[in-house]
Amino acid sequence: MAERHEVDLAIIGAGPAGLYATYYAGFRGMSVAVIDSLPEAGGQIAALYPEKAIYDIAGLPAVRGQELVDALLTQAATAKPTFLLGQSATELTCAEDHVLIGTDTGTQVRAAAVLLTAGIGTFTPRELPVGSGHLGRGLRYFVPRLEELAGQEVVVVGGGDSAVDWALALEPYASSVTLVHRRPQFRAHERSVTQLHESTVRVLTPYEVSGIDGEQHVEAVHLAEVRGEGRETLPAQAVVAALGFIADLSAMERWGLEMRRRYVAVDRSMRTNLPRVFAAGDITDYDGKVRLISVGFGEAAAAVNNLAPLVNPALGTVPGHSSDAA
């Protein structure tokens, strides 16, 4: 049976802005549901650069991407949110006193207000052409925690920054790492490529994955040389397919949101043109917009405070000081 949830605030997007908004809505006394197309919270940070250092977070001179996500999740947990991960919001209907959201899995969420924190849109990984049946059984599209692959023989597939970064990051944990790319050239930062070639990571180019073996779990990966006769089979317990992600804004466009290029237009209160629908973070656009994680945090707080009276008329837009809540 399809799930049904009724909450004060539905947040679409579980990246940094969405996670901070979750905490802040809980601080304002709201119940929250968080919807995201990815199977784990964290948005682009968790999916693309969990091991990269981030330098523009107030109070933190430097923080690893996954460390920031973990801290935001701990903070968001105080709101006791309902996480609806691995499903995309496909339908949004505005009524006089609520908004109804439907997902691609049939889940329905009724909320007094909606906050869009969807980054660059619905974010889905590009699938590995072969072996998709092993997803969750050794095949994965991102690695939020490197220690999960400790001691395993790992094959990383791809030629961009994510593939190179994960190969390097997994080197101290895995028993072996092989990076497979179908072109001799990489689309990654030059310094990272230099580090790759100086590491113990085995680099195989131009090769592509032609098959994956293993009944219950990945046991071996078959490789074929691109436009050549070379063939190789590698023992492996994990395959990380870092082939990039596809951003899709089509659902938001169907909902009737006013768009500026590929962004949702908002006013100073983070309100969109749709009733009871607000937006914050990288998805938004307004005069003077600056796309930084730190700015997204401020926009999330502004949005929650401005939508609060829609959730409960007794709630004002002025929140008071968090130190007074203890």
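Residues numbered from 1 in each chain as written. Predicted model: local features only at pLDDT ≥ 70, side-chain atom pairs only at ≥ 80, totals over all residues. Heavy atoms only, no water.

(A) Focus on the overall build of the chain. Tallying secondary structure elements over the chain gives seven helices and 22 strands in all. Computed over its C-alpha atoms, the radius of gyration of the chain comes to 21 Å, within 12% of the 20 Å expected for a compact globule of 326 residues. With the principal axes as the frame, the chain shows a C-alpha extent of 70 × 45 × 35 Å. Every one of the 326 residues in the chain was classed for burial, and the buried ones make up 50%. Only carbon and sulfur atoms are counted for the fraction: they give 49% of the accessible area of the chain, which is about 15,200 Å². Both charge centroids of the chain, one from 26 positive and one from 38 negative side chains, sit 5 Å from each other. (Helix = DSSP H or I, 4+ residues; strand = E, 2+ residues; numbered from the N terminus. Rg over C-alpha atoms; globule rule 2.2 N^0.38 Å. Buried < 20%, exposed > 50% of the residue type's maximum accessible area, 1.4 Å probe, protein only. Areas by Shrake-Rupley, 256 points an atom, 1.4 Å probe, with all protein chains shown as cover. Lys, Arg positive; Asp, Glu negative; His and termini not counted. Charge placed at Lys NZ, Arg CZ, Asp CG, Glu CD.)

(B) Region of the structure containing the packing of aromatic side chains. As enumerated under the stated definition, the model contains six aromatic pairs in all. Seen from their ring centres, Tyr20 and Tyr24 are 6.1 Å apart, and the 45 degrees between their planes marks the pair as tilted. Note that Tyr20 and Tyr24 are positioned in helix α1 (residues 16-27) at a spacing of four residues, about one turn of the helix. Ring centres of Tyr23 and Tyr24 lie 6.3 Å apart, and the angle between their planes is 80 degrees; on these two criteria the pair is classed as edge-to-face. Residue Tyr24 is classed as buried on the basis of its relative accessible area, which comes to 10%. Three or more aromatic residues joined by ring pairs form one cluster here, namely Tyr20, Tyr23, Tyr24, Phe27 and Phe297. We note Arg291 situated over the ring of Tyr263; from NZ or CZ to the ring centre the distance is 3.5 Å. (Phe/Tyr/Trp six-rings, centres within 6.5 Å; stacked < 30°, edge-to-face > 60°. Lys NZ or Arg CZ within 6 Å of the ring centre and 35° of its normal.)

(C) Structural context of the nonpolar core. Of all hydrophobic cores here, the largest spans 61 residues; its most connected members are Leu9, Ile101, Val114, Leu115, Leu116, Met252 and Trp255. Sequence-distant contacts of Leu116, defined by excluding residues within four places in its chain, comprise Ile12, Met252, Trp255, Leu257, Val277, Phe278, Ala279, Ala280 and Ile283. Val180, Ala188, Val201 and Phe245 belong to the second largest nonpolar core, which has 44 residues in total. (Core = buried A, V, L, I, M, F, W, Y, C linked by side-chain atoms within 4.5 Å. Contact = heavy atoms within 4.5 Å.)

(D) A look at the pattern of salt bridges. Under the defined criterion, the tally for this structure stands at 14 salt bridges. Across the salt bridge formed by Arg110 and Glu6, the nearest N and O atoms sit 3.7 Å from each other. Of the two residues, Arg110 sits in strand β8 (residues 108-116) while Glu6 sits in strand β1 (residues 4-12), which places them 104 residues apart along the sequence. We classify Arg110 as partly exposed; its relative accessible area is 32%. The class of Glu6 is exposed, set by a relative accessible area of 63%. Note that Arg182 is salt-bridged to Glu208, the shortest N-O span being 3.2 Å. Placement of the pair is Arg182 in the loop between β12 (176-180) and α5 (190-198) and Glu208 in strand β14 (residues 207-213), with a sequence separation of 26 residues. On the basis of relative accessibility, which here comes to 32%, the residue Glu208 falls in the partly exposed class. (Salt bridge = Lys/Arg side-chain N within 4 Å of Asp/Glu carboxyl O.)

(E) Layout of the sheet that holds strand β20 (residues 263-265). The mixed open sheet is built from three strands, whose spatial order is β19-β20-β22. Looking along the sheet, the strands with just one partner apiece sit at the ends: β19 (259-260) and β22 (284-285). In the sheet, β20 pairs with β22 via two bridges, with the strands oriented parallel. Bridge assignment links Ala265 to a residue of β22, and that residue is Asp285. (Pairing = 2+ DSSP bridges.)

(F) Local environment of the environment of Ala188. Mapped onto the fold, Ala188 is located in the loop between β12 and α5. The spatial distance from the C-alpha of Ala188 to the C-alpha of Pro125 is 18 Å, given a sequence separation of 63 residues. Filtering out sequence-adjacent residues up to four positions away, Ala188 remains in contact with Gly159, Gly160, Asp161, Val164 and Val193.

(G) Representation of the packing of helix α4 (residues 161-170) against α5 in the model. Running from amino to carboxyl end, α4 crosses α5 at an angle of 40 degrees, the nearest separation of the two axes being 10 Å. By the angle between their directions, the pair α4 and α5 is classed as oblique. Crossing geometry of α4 relative to α5 is assigned as left-handed. Counted together, Val164, Asp165, Ala167 and Leu168 of α4 and Ser192, Val193, Gln195 and Leu196 of α5 form the full contact between these two elements. Its residues placed into classes, the contact of α4 with α5 shows five nonpolar, two polar and one charged. (Axes fitted to C-alpha atoms, helices over the stretch in contact; angles between N-to-C directions. Parallel < 35°, antiparallel > 145°, perpendicular 65-115°, else oblique. Left-handed = near helix turned anticlockwise from the far one by under 90°. Nonpolar A, V, L, I, M, F, W, Y, C, P; charged D, E, K, R; others polar.)

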